[in-house]
Amino acid sequence: MGTQAAPATRQIAAVAVIGAGQMGSGIAQLAAAAGCSVFLLDSDPAALSRAVTSISSSLGRLVAKGQLSQAACDDSVKRIKCVSDVQELRGVDLVIEAIVESEDVKKKLFVELDKITKPSAILASNTSSISITRLASATSRPSQVIGMHFFNPPPIMKLVEIIRGADTSEGVFSQVKSFSERIGKVVICSQDYPGFIVNRILMPMINEAFWALYTGVATKEDIDTGMKLGTNHPMGPLQLADFIGLDVCLSVLRVLHNGLGDNKYSPCPLLVQYVDAGRLGKKRGQGVYSYGRSSSSVKP
Ligand code: 3HC
């Protein structure tokens, strides 16, 4: 009595990551490398198996560079338990959702998580742009719902954008901030507005690159080279759009357009057409550019 730590200061020990795609597997890797026990949940066994391969290879790069011992790499992989049943998440302290970017699907998941996880568990979403306040309103614990927006590839990108919903408590914000720092990230904090900070600024730039291509200002290569060499971005905006996924870019732009009501966020018809055609970017082998199966190189 009286010696029990308050929820706001309790260390996060067990983490669930929902969705074993690129983002989910990267987040699971970070949490495991920081010593947490991790439950990586996906309904697709093939996605889980791809995630384990990708995590092992990503940690393997660190071993090869001498930044991690083989034993620490093996321990991290062992700390990740792949599961397909949400019931396994009863004991976790933090859930990070990284599933498809659909408000309805995320809300359904949050309702389920709210029922299953222990009352003190924090429910975080890696959404790129969907309102945290609205996701929180689907649960009975809106003060424990928060946005944790990672950037692709999560093991490399230094940033986590934390989004406070209307009711997110200060204690939950502090816990998530310390956890983000513990996994090696720099934190920025955004209020709950469409696109938060980074996507609100990044997606209009990507959209503008599509407009430049659509209206014949320049070739895709010149647009990308211009932004790479002219502004020192690691990737040009069209290549970056392929890397993120054109469907994700389109969905974020629609959230910006609907939420902020300004035509400047209206998606370029060329982006819409590529998505309609299934040219979703690197993950599908075809976006603005074509990607060979075994190569990551960009082919015009
Ligand atoms: N795990 C571990 N290490 C990795 C890795 C991974 N998954 N991916 C890359 N690396 C390491 C490599 O080993 C290499 O390390 P080294 O320099 O010590 O040898 C380093 O990262 C660079 O990798 P590569 O040489 O393979 O390739 P690049 O130099 O082309 O870098 C990149 C790749 C880091 C992806 C770089 O092109 C980049 O920073 N691109 C921009 C990425 C970006 O903007 N992401 C944010 C997108 S927006 C977003 O995610 C938000 C969403 O809501 C839309």
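Residues numbered from 1 in each chain as written. Predicted model: local features only at pLDDT ≥ 70, side-chain atom pairs only at ≥ 80, totals over all residues.

## Thoughts on the UniProt feature "domain: 3-hydroxyacyl-CoA dehydrogenase C-terminal" (unreviewed entry) in the chain
Next up, step 1: When the UniProt feature table is mapped onto this chain, "domain: 3-hydroxyacyl-CoA dehydrogenase C-terminal" (unreviewed entry) is found at residues 195-291.
Next up, step 2: In residues 195-291, helix accounts for 62% and strand for 2%; the two terminal C-alpha atoms are 28 Å from one another. (UniProt positions renumbered as here; feature names shortened; annotations may be inferred. Helix = DSSP H or I, 4+ residues; strand = E, 2+ residues; numbered from the N terminus.)

## Section: the site of the ligand
Next up, step 1: Around the ligand there are 16 residues in total, and S58, S128, F151, N152 and P234 lie nearest to it.
Next up, step 2: Put simply, the parts of the chain that give the shell around the ligand at least two residues each are α2 (45-64) and α9 (237-244).
Next up, step 3: Residue composition of the shell around the ligand, grouped by class: 10 nonpolar, four polar and two charged. (Near = placed C-beta within 6 Å. Nonpolar A, V, L, I, M, F, W, Y, C, P; charged D, E, K, R; others polar.)

## What about the UniProt feature "site: Important for catalytic activity" (unreviewed entry) in the chain?
Next up, step 1: What UniProt calls "site: Important for catalytic activity" (unreviewed entry) maps, in this numbering, to H149.
Next up, step 2: Within the element layout of this structure, H149 appears in strand β6 (residues 145-150).

## Some words on the packing of α9 against helix α10 (residues 246-260)
Next up, step 1: Running from N to C, α9 and α10 point in directions that differ by 100°, and their axes come no closer than 6 Å. Regarding the angle of α9 to α10, the classification is roughly perpendicular. Each of A241, D242 and I244 in α9 lies in contact with α10, whose residues at this interface are L246, V248 and C249.
Next up, step 2: Its residues placed into classes, the contact of α9 with α10 shows five nonpolar, no polar and one charged. (Axes fitted to C-alpha atoms, helices over the stretch in contact; angles between N-to-C directions. Parallel < 35°, antiparallel > 145°, perpendicular 65-115°, else oblique. Contact = placed C-beta atoms within 7 Å.)

## Things to note about the domain arrangement of the chain
Next up, step 1: As far as domains go, the chain holds domain 1 (7-190) and domain 2 (200-299).
Next up, step 2: Computed from C-alpha coordinates alone, the two centres of domain 1 and domain 2 are separated by 27 Å.
Next up, step 3: The interface is formed by five residues belonging to domain 1 together with seven residues belonging to domain 2.
Next up, step 4: A breakdown of the residues in the side of domain 1 that touches domain 2 according to their chemical character gives one nonpolar, three polar and one charged. (Domains from an automatic or database assignment.)

## Remarks on the packing of α2 against helix α3 (residues 70-78)
Next up, step 1: The contact between α2 and α3 brings their axes to 9 Å, and the two run at 160°. When the interaxial angle is binned, α2 and α3 end up roughly antiparallel. α3 is crossed by α2, and the crossing has right-handed handedness. When α2 is examined against α3, the residues I55, S56, L59, G60 and V63 are found in contact with a partner set consisting of Q70, C73, S76 and V77. (Left-handed = near helix turned anticlockwise from the far one by under 90°.)

## Description of the nonpolar core
Next up, step 1: Counting residues in hydrophobic clusters, the biggest one holds 80 residues, and the most contacted among them are V17, V95 and C249.
Next up, step 2: No other element matches the eight residues that α10 contributes to this core.
Next up, step 3: If near-sequence neighbours (up to four positions away) are discounted, V17 is found in contact with G24, I27, A28, A31, V38, L40, I96 and A98. (Core = buried A, V, L, I, M, F, W, Y, C linked by C-beta atoms within 7 Å. Buried ≥ 20, exposed ≤ 12 C-beta atoms within 10 Å, placed from the backbone.)

## Comments concerning helix α7 (residues 198-214)
Next up, step 1: A rise of 1.5 Å per residue sets the reference length of α7, with its 17 residues, at 24 Å; its end C-alpha atoms lie 24 Å apart and thus fit the reference within 8%.
Next up, step 2: Among the residues of α7, N199, M203, I206, N207, A209, F210, A212 and L213 are the ones counted as buried.
Next up, step 3: Elements that come into contact with the buried residues of α7 comprise α8 (220-231), α9, α10 and α11 (269-276).
Next up, step 4: Backbone geometry just after α7 places G216 at a positive phi near 75°. (Expected span 1.5 Å × (residues − 1).)

## So, the sheet that holds strand β4 (residues 94-97)
Next up, step 1: If you walk across this open sheet you meet the eight strands as β3-β2-β1-β4-β5-β6-β7-β8, and the pairing is mixed. In this open sheet, the two edge strands, each paired with only one partner strand, are β3 (80-83) and β8 (186-190). Between one strand axis and the next, the sheet turns through 25° on average, direction left out of account.
Next up, step 2: Note: strand β2 (residues 37-41) against β3, four bridges, orientation parallel. Bridge pairing in β3 places L40 opposite C82.
Next up, step 3: Helix-sheet contacts for helix α6 (residues 170-182) involve β4, β5 (122-125), β6, β7 (159-164) and β8, and the interaxial angle to β7 is about 175°. (Pairing = 2+ DSSP bridges.)

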